[in-house]
Amino acid sequence: MTSLWQRIKQQKPWAKVLEIQAIFLMMMGAALAVGGKASVDHTNTLEFCVSCHEMKDNNYTEYSHTIHAKNRTGVKAICSDCHVPHEFVDTVIRKARASNDVLQHMLGTIDTKEKFEAHRLDMAKKVWLRMKQTDSKECRNCHDVKAMDPDMQGKTAQTQHKKLLNGSKTCIDCHYGIAHKEPEGGVEPQDVLDEATHKQPG
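Notes on the structure in this doc start here. (Residues numbered from 1 in each chain as written. Predicted model: local features only at pLDDT ≥ 70, side-chain atom pairs only at ≥ 80, totals over all residues. Heavy atoms only, no water.)

1. Concerning the overall build of the chain
At step 1: Along the chain, the regular secondary structure elements total 12 helices and 0 strands.
At step 2: Here the C-alpha atoms of the chain give a radius of gyration of 24 Å, more than 25% beyond the 17 Å that 2.2 N^0.38 yields for 202 residues.
At step 3: Judged by the C-alpha coordinates and their principal axes, the chain covers about 80 × 50 × 45 Å.
At step 4: For the chain, the proportion of its 202 residues judged to be buried stands at 25%.
At step 5: Taking the contacts inside the chain whose residues are at least 6 apart along the sequence as the reference set, 59% of them involve residues at least 24 apart. (Helix = DSSP H or I, 4+ residues; strand = E, 2+ residues; numbered from the N terminus. Rg over C-alpha atoms; globule rule 2.2 N^0.38 Å. Buried < 20%, exposed > 50% of the residue type's maximum accessible area, 1.4 Å probe, protein only. Contact = heavy atoms within 4.5 Å.)

2. Comments concerning the pattern of salt bridges
At step 1: Applying the stated criterion to the full structure yields 10 salt bridges.
At step 2: Residue D41 pairs with K37 through a salt bridge whose shortest N-O separation is 2.8 Å. Note that D41 and K37 are positioned in helix α2 (residues 13-43) at a spacing of 4 residues, about one turn of the helix.
At step 3: You can call K37 partly exposed: its relative accessible area is 44%.
At step 4: A salt bridge links E117 to R120; the nearest nitrogen and oxygen atoms lie 2.9 Å apart. Here E117 and its partner R120 are both found in helix α8 (residues 113-133), 3 residues apart, which amounts to about one turn of the helix.
At step 5: Taking relative accessible area as the criterion, E117 reaches 37% and is therefore assigned partly exposed.
At step 6: What makes R120 buried here is its relative accessible area of 6%.
At step 7: Connected through shared salt-bridge partners, E62, E117, R120 and K181 make up one network. (Salt bridge = Lys/Arg side-chain N within 4 Å of Asp/Glu carboxyl O.)

3. Here's the deal with the nonpolar core
At step 1: Grouped together as the largest cluster of nonpolar side chains are 10 residues: L121, A124, W128, L129, M131, I172, Y176, V187, V192 and A196.
At step 2: Secondary structure elements with two or more residues in this core: α8 and α12 (189-199).
At step 3: In terms of residue count, α8 provides more of this core than any other element does, 5 residues in total. (Core = buried A, V, L, I, M, F, W, Y, C linked by side-chain atoms within 4.5 Å.)

4. Remarks on helix α10 (residues 155-166)
At step 1: Its 12 residues place the ends of α10 17 Å apart at the C-alpha level, agreeing with the 16 Å of an ideal helix rising 1.5 Å per residue.
At step 2: Looking at α10, one finds that the buried residues are Q158, H161 and L164. Down the axis of α10, the buried set is contained in an arc of 105 degrees. They therefore lie on one face. The outward face of α10, more than 90 degrees from its buried face, is lined by the exposed residues K155, T156, K162 and N166.
At step 3: Where the residues of α10 are buried, they touch α9 (137-140) and α11 (171-174).
At step 4: Phi for G167, located one or two positions after α10, is positive at around 85 degrees. (Expected span 1.5 Å × (residues − 1). Arc of directions from axis to C-beta.)

On their own, these measurements won't tell you what the molecule is for.
Here you go:
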């Protein structure tokens, strides 16, 4: 069998250039794909998420005392489980939008507890709106309403979870204080969606 290099040597000059360029582009594409996947995986780790003190001292501290971090079964959800879509394209889009977080870190927008509290509601609104628009998709990656046993739930939970099945409510409507402290101001996720809907033209 003729080797790749021998075949290239036997070709006309213009064909050699094209084949070498094609091989180079394929190698570059493979390197970018592998590097991109490695970058996404790294930025989804808990260690990366809490590498800046804003997250470690505020969000992580709150989360570490919740049932998502520690419970009797030892099954836990980390930051990326709740805040990053699980589909690749959606993940890349989310990562691109999260570049604003890096900018705000550099600007010192929430670099003190006082600043963090002042911006807590605004930050929560962005997360709530995204979760309302996606029907709490990240929650549903772990929590399947159809697999829930109503007999093991309280009466209120049973009633509320029925609303998930008929589409009138989504997870974040009730559980918006489940992993982080609820912002002051009396605003709820549905209020944020209503506000965003009224802002849209037409």
